[in-house]
Amino acid sequence: MDSPSAQAPGNPGRPLRLLSLDGGGVRGLITALWLHRLQAELPGPLNQHVDLIAGTSTGSLLACGMACGHTAQDLVEFYQKHGEAVFPRDASRFAGRLRKLLSGSRYNHDGLRRVLDDVVGDTLLAQAQTRVMVTCFAPELDSAIVFDSANPECANISMQDACLASASLPEIFPAHIMNVPGHGRLGLVDGGVVSTDPAPQAVTRLLEEGLPERLLLASFGTGIGPNPPERIKAMQPPGDARDCGWMIPVAVRHLGRHLSSTEKNTLSGSVYRRFQTRLAAELAVPDHAGREQVKGMILAAQHFLDEEGGEQALIELANELLAAAPEPTGADT
């Protein structure tokens, strides 16, 4: 799909505020809890304080939910109330094993569709209140697909279709069949096949459009287990990065060309904040949504805030988002 032309962030010189939300199944509750704490430092809904929200898998549900106007608290409640609707307990036992044997997938989309009906309804990407990008993967094309609400070709794609595609992790859910602009009908799977963190793909899209002068990138993980597979390790951005310079080689791979010195300088000079924590093995499973699992994720999210510097980092991010807000127009004042 072709990219739209570059969109200026509002007033020259201010950074484009990009919120990136990882995949991770029911562990999206951890991200939602951190976003709720961030929102507490800001006036009004979080989506009013960012220019672009990118999401993969469970992150796509969070991204589209916020782009529809839901608060972070709304999304916390969705995970707490509906996690078992998406990942029913019986599916993790005999019924799930039988379904996987017959169809290759442990769950069907029924529970996820019901949750998406509540979160995004029939909303189209073109109706997003904040620009949103949803990443997925097309096995037939061996290529990533990015649904972008700013791309006219994606205008009539429903957020529900985009989220179903982005969340269809192989062996967990079947591929989601839908019409993809420029490619016709395809089976799409979880964007985490390419990267659990959608930030590199979102930044690559911005590079294609003509990157703004600066970025303020806040990237939220969903927790990572004690011994993640090498594939997952390779997808994790460095925890000690302070700017977006680490994405230069990633962008080169995605774009298939060398970056200009201006693009390199922009990435190296742009602010990068990563929020991620380590989880006990029993919490790192993406499809266990029982009461004890939910309680454990809440405790893990709070431990990050209290003991790992997360609270202060979120307060600092809130101040940076406010400082990067566009100047009010005459109508706003």
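Residues numbered from 1 in each chain as written. Predicted model: local features only at pLDDT ≥ 70, side-chain atom pairs only at ≥ 80, totals over all residues. Heavy atoms only, no water.

Asks: Whenever I open this one, the confidence of the model for the protein confuses me. Can you help?
Replies: Detailed reading of predicted coordinates is not advised where the pLDDT is low. Taken residue by residue, the protein gives an average pLDDT of 88. The fraction at 70 or more is 88%. Below pLDDT 50 for its whole length, residues 3-10 participates in 20 contacts with residues either more than four positions away or in separate chains. Taken as a whole, residues 98-102 scores under 50 in pLDDT and shows 9 contacts with residues more than four places along the chain or in a different chain. (pLDDT = per-residue confidence, 0-100. Contact = heavy atoms within 4.5 Å.)

Asks: Would you mind showing me how to read helix H11 (residues 291-307) here?
Replies: What sets the pattern is the α-helix's 3.6 residues per turn: residues three or four places apart point alike. Taking 1.5 Å per residue, 17 residues should reach 24 Å; H11 reaches 24 Å between its end C-alpha atoms and fits that length. Those residues of H11 that fall on the buried side of the exposure criterion are Gln293, Val294, Gly296, Met297, Ala300, Ala301, Phe304 and Leu305. In the core, the buried residues of H11 are packed alongside helix H1 (28-39), helix H3 (72-86), strand S8 (271-275) and helix H12 (310-323). Positive backbone phi, approximately 80°, marks glycine 309, located one or two places after H11. (Helix = DSSP H or I, 4+ residues; strand = E, 2+ residues; numbered from the N terminus. Expected span 1.5 Å × (residues − 1). Buried < 20%, exposed > 50% of the residue type's maximum accessible area, 1.4 Å probe, protein only.)

Asks: How do you make sense of the side chain of histidine 176 when you look at a structure like this?
Replies: Within the fold, histidine 176 resides in strand S5 (residues 176-180). Here aspartate 161 takes part through its side chain, which lies 2.7 Å from a polar atom of the side chain of histidine 176. Not counting residues up to four positions away in its chain, the partners in contact with histidine 176 are His109, Arg113, Asp161, Leu164, Ala165, Ser168, Leu186, Gly187 and Leu188. (Polar contact = N/O pair within 3.5 Å; in protein donor to acceptor, adjacent residues only side chain to side chain.)

Asks: Is there a simple way to think about the pairing of strand S2 (residues 52-56) in this case?
Replies: It is a general feature of regular strands that their side chains alternate between the two faces of the sheet. Most of S2 is tucked away, with 5 of its 5 residues classed as buried. Of the two faces of S2, both are covered, the one formed by Leu52, Ala54 and Thr56 as well as the one formed by Ile53 and Gly55. By the bridge criterion, 4 bridges tie strand S1 (residues 16-21) to S2 in an arrangement that is parallel. Paired with leucine 18 across the bridge in S2 is leucine 52. Following the chain from S1 across H1 to the adjacent parallel S2, one finds a crossover that is right-handed. (Pairing = 2+ DSSP bridges. Right-handed = clockwise from strand over helix to strand, strands pointing away.)

Asks: For this particular structure, what's the right way to read the nonpolar core?
Replies: Nonpolar side chains in soluble globular proteins generally cluster together in the buried interior. Judged by nonpolar contacts, the single largest core of 74 residues is most densely connected at Leu19, Leu21, Trp34, Leu38, Phe147, Leu188 and Phe220. Broken down by element, the residue count for this core peaks at 7 residues, all from H1. Filtering out sequence-adjacent residues up to four positions away, tryptophan 34 remains in contact with Phe220, Gly221, Phe275, Gln276, Thr277, Ala301, Phe304, Leu305 and Leu314. (Core = buried A, V, L, I, M, F, W, Y, C linked by side-chain atoms within 4.5 Å.)

Asks: How do you make sense of the pairing of strand S6 (residues 184-190) when you look at a structure like this?
Replies: Across the 7 residues that make up S6, a large majority, 5, are buried. Both strand S3 (residues 131-138) and S6 contribute to a ladder of 2 bridges, which runs antiparallel. Bridge pairing in S6 places phenylalanine 137 opposite valine 189. As paired strands, S5 and S6 are joined by 5 bridges and run antiparallel to one another. Residue pairing in the sheet places asparagine 179 in a bridge with arginine 185 of S6. With antiparallel pairing between neighbouring strands as the criterion, S5 and S6 make up a hairpin whose turn holds 3 residues, including glycine 182 at a positive phi of roughly 85°.

Asks: Looking at this structure, I do not really get helix H9 (residues 248-255). What am I missing?
Replies: Three or more residues of H9 are buried, namely Ile248, Val250, Ala251 and Leu255. The buried residues of H9 occupy one face: seen down the axis, they fall within an arc of 155°. Of the surrounding secondary structure, the elements contacted by the buried residues of H9 are helix H7 (199-209) and helix H10 (261-268). Directly beyond the C-terminal end of H9, a positive phi value near 75° is found at glycine 256. (Arc of directions from axis to C-beta.)

Asks: Please clarify how the environment of threonine 56 should be interpreted in this entry.
Replies: Mapped onto the elements, threonine 56 comes out in strand S2. Overall, threonine 56 belongs to the buried group, its relative accessible area being 0%. Sequence separation between threonine 56 and alanine 162 is 106 residues, and the spatial gap between their C-alpha atoms is 9.9 Å. Setting aside chain neighbours within four positions, we find threonine 56 in contact with Leu21, Asp22, Gly23, Thr135, Ser166, Asp190, Gly191, Gly192, Ser195, Thr196 and Pro198.

Asks: Quick question: what am I supposed to make of the pattern of salt bridges here?
Replies: For side chains bearing opposite charge, pairing can occur when the charged atoms are close. This structure, assessed with the given rule, holds 12 salt bridges. Aspartate 51 is the partner of arginine 14 in a salt bridge, and the nearest nitrogen-oxygen pair spans 2.8 Å. Taken as a pair, arginine 14 in the segment before S1 and aspartate 51 in the loop between H1 and S2 lie far apart in primary sequence, 37 residues in all. Each member of the pair arginine 14 and aspartate 51 is classed as buried. With its nearest N and O atoms 3.0 Å apart, the salt bridge here joins arginine 257 to glutamate 263. Given the relative accessible area of 12%, glutamate 263 is considered buried. (Salt bridge = Lys/Arg side-chain N within 4 Å of Asp/Glu carboxyl O.)

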